[in-house]
Amino acid sequence: MVQKAEKIWFDGELVNWDDAQVHVLTHTLHYGAGVFEGIRSYVCVDGKSAVFRLKAHVVRLFDSAKIIGIKIPFTIEEITDAIIETLKVNGLKEGYIRPLVFIGDGVMGVHPGSNPIRVAIATWPWGAYLGDDALEKGIRVKTSSFSRHHVNVMMTKAKTCGNYVNSILAKVEAVTDGYDEALMLDTQGYVSEATGENIFIVKDSIIKTTPLTSVLPGITRASLMQVARDLGYEVVEQLFTRDELYIADEAFFCGTAAEVTPIREVDNRVIGEGKCGEVAKLLQKEYFNVVKGGNEKYADWLNYYEI
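None of these values were measured; they are calculated from a predicted model.

J.: How should the packing of helix α6 (residues 219-230) against helix α8 (residues 278-291) be read in this particular structure?
T.: Helix packing for two helices is described by the angle between their axes and how far apart those axes are. Between α6 and α8, whose axes approach to 10 Å, the crossing angle comes to 110°. Classed by the angle they form, the pair α6 and α8 counts as roughly perpendicular. Residues Thr220, Leu224, Val227 and Ala228 of α6 form the contact with α8, whose own contacting residues are Leu283, Glu286, Tyr287 and Val290. Considering only residue class, the contact of α6 with α8 consists of 6 nonpolar, 1 polar and 1 charged.

In structure tokens form, the structure reads like this:
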């Protein structure tokens, strides 16, 4: 259950959590044309609080809106300031941040006409997305019977609400069958991503990830690639198949919510030694060091604020 905070920023105003409501005929509720972001803030090693890659996330929110033809009625700076304001008013030294842009009620046809564009920003405490044990022991994954969207069926570079019906189907299928997460293939049969995470594999100390074809350009993905290269690893973007994943030395998912989560098993095949591998363990350690302000090299990735 989401832990309630005191306020939600809604269309330019801070309102009580329970008062942030919409009409049942809200257009996006029926047709899915909205965009959102998932962002995290952390308590840093010096005791201060900071949002990780805030600018990159807000820019992607606006990019997603542009892709699906929505004009956000606020500027990038206004949304950025509103996120910090919402964290502060809720007294959250660290937590999860969910900006949502959606089409309000008015006409009810598929074409939204002149329905208002609405914006909400919610913040709440949130721990490890796939469970605390997952970060150490890794998770069990099943290849989904549902394919990731084709690039000309849905706009795969946009973090669009409706895209996640695809993810819900895959996730529910995997969990129902006793797995923790679903692996999705693209329409050519290559490994794409998970229901809300990008994927990496490791073979002979070379790190490989799916190229930006049918996958969302993950901000955590890009951050990990840079950190890994700075650590001296070779990182390549290249299509790979399920069987290449099966025989990888290591595999792991990444994302704002999932952070760096190792994969110990895929389709009942043990990956590597069946636990968090050395590369994933190092990247996990370095990632948490970066997001908590422990590495000055990446200081410009952090937006500090005070409660």
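J.: Is there a simple way to explain the pattern of salt bridges in this structure?
T.: Where charged atoms from two side chains of opposite charge come close, those side chains can pair. Tallied over the entire structure, the rule returns 14 salt bridges. Across the salt bridge formed by Lys4 and Asp18, the nearest N and O atoms sit 2.9 Å from each other. Of the two residues, Lys4 sits in the segment before β1 (7-10) while Asp18 sits in the loop between β2 (13-16) and α1 (27-31), which places them 14 residues apart along the sequence. Taking relative accessible area as the criterion, Asp18 reaches 45% and is therefore assigned partly exposed. One salt bridge connects Arg140 with Glu265, and the closest N-O pair in it is separated by 3.0 Å. Of the two residues, Arg140 is situated in strand β8 (residues 139-143) and Glu265 in strand β15 (residues 259-266); the sequence distance between them amounts to 125 residues. A residue is classified by how much of its surface remains accessible, and Glu265, at 15% relative accessible area, is buried.

J.: What should I look at first to understand the domain arrangement of the chain in this one?
T.: Where interface size is quoted, it is often the accessible area lost as the parts come together. According to the domain assignment, the chain consists of domain 1 (7-124) and domain 2 (134-291). Using only C-alpha atoms to locate each centre, domain 1 and domain 2 end up separated by 26 Å. Listed as interface residues are 21 residues of domain 1 and, on the opposing side, 19 residues of domain 2. Approximately 1,700 Å² of surface area, both sides summed, lies buried where domain 1 meets domain 2, with 66% of it carried by carbon and sulfur atoms. On the domain 1 side of the contact with domain 2, Phe36, Phe52 and Arg60 bury the most area, a combined 34% of that side's loss. Joining domain 1 to domain 2, the criterion identifies 1 salt bridge. Glu259 is the partner of Arg40 in a salt bridge, and the nearest nitrogen-oxygen pair spans 3.6 Å. Along the contact surface separating domain 1 from domain 2 lie 10 residue pairs in polar contact (both at pLDDT 80 or more). Listed by contribution, the elements that provide at least two residues to the side of domain 1 that touches domain 2 are β3 (34-36), β4 (39-43), α2 (54-67) and β6 (95-103). Among the residues making up the side of domain 1 that touches domain 2, the classes are represented as 11 nonpolar, 6 polar and 4 charged.

J.: Can you walk me through α2 in this structure?
T.: Turn by turn, an α-helix covers 3.6 residues, leaving residues three or four places apart pointing in a common direction. Over its 14 residues, α2 runs 20 Å from end to end, which matches the ideal 20 Å to within 8%, given 1.5 Å per residue. Of the positions making up α2, those classed as buried are Leu54, His57, Val58, Arg60, Leu61, Phe62, Ser64 and Ala65. Of the residues trailing α2, Gly69 is marked for its positive phi of about 85°.

J.: Please explain the environment of Thr160 as it appears in this structure.
T.: Relative to the elements of secondary structure, Thr160 occurs in the loop between β8 and α5 (164-176). A relative accessible area of 6% means that Thr160 is categorised as buried.

J.: Sorry if this is basic, but what is going on with the side chain of Arg148 here?
T.: By secondary structure assignment, the location of Arg148 is in the loop between β8 and α5. With relative accessibility at 8%, the residue Arg148 sits in the buried group. Polar side-chain contacts of Arg148 include one of 2.6 Å to the side chain of Glu193. If near-sequence neighbours (up to four positions away) are discounted, Arg148 is found in contact with Asn163, Asn166, Ser167, Met184, Leu185, Asp186, Thr187, Ser192, Glu193 and Ser214.

J.: Sorry if this is basic, but what is going on with the packing of aromatic side chains here?
T.: For any two aromatic rings, the description comes down to two numbers: the centre-to-centre distance and the angle of the planes. A complete count under the given rule lists 11 aromatic pairs for this structure. Between the aromatic rings of Phe52 and Tyr287, the centroid separation amounts to 5.7 Å while the plane-to-plane angle is 85°, which identifies the pairing as edge-to-face. Of this pair, Phe52 sits in strand β5 (residues 49-52) while Tyr287 sits in helix α8, placing them 235 residues apart in sequence. Aromatic rings pair up to connect Phe52, Tyr287, Phe288, Tyr298 and Trp301 into one cluster. Over the face of the ring belonging to Tyr304 we find Lys48, whose NZ or CZ atom lies 6.0 Å from the ring centre. The ring of Tyr246 has Arg269 sitting right over it, with the charged end atom 4.3 Å from the ring centre.

The rules behind the values
Residues numbered from 1 in each chain as written. Predicted model: local features only at pLDDT ≥ 70, side-chain atom pairs only at ≥ 80, totals over all residues. Heavy atoms only, no water. Axes fitted to C-alpha atoms, helices over the stretch in contact; angles between N-to-C directions. Helix = DSSP H or I, 4+ residues; strand = E, 2+ residues; numbered from the N terminus. Parallel < 35°, antiparallel > 145°, perpendicular 65-115°, else oblique. Contact = heavy atoms within 4.5 Å. Nonpolar A, V, L, I, M, F, W, Y, C, P; charged D, E, K, R; others polar. Salt bridge = Lys/Arg side-chain N within 4 Å of Asp/Glu carboxyl O. Buried < 20%, exposed > 50% of the residue type's maximum accessible area, 1.4 Å probe, protein only. Domains from an automatic or database assignment. Buried area = accessible area lost by both parts, 1.4 Å probe. Polar contact = N/O pair within 3.5 Å; in protein donor to acceptor, adjacent residues only side chain to side chain. Expected span 1.5 Å × (residues − 1). Phe/Tyr/Trp six-rings, centres within 6.5 Å; stacked < 30°, edge-to-face > 60°. Lys NZ or Arg CZ within 6 Å of the ring centre and 35° of its normal.

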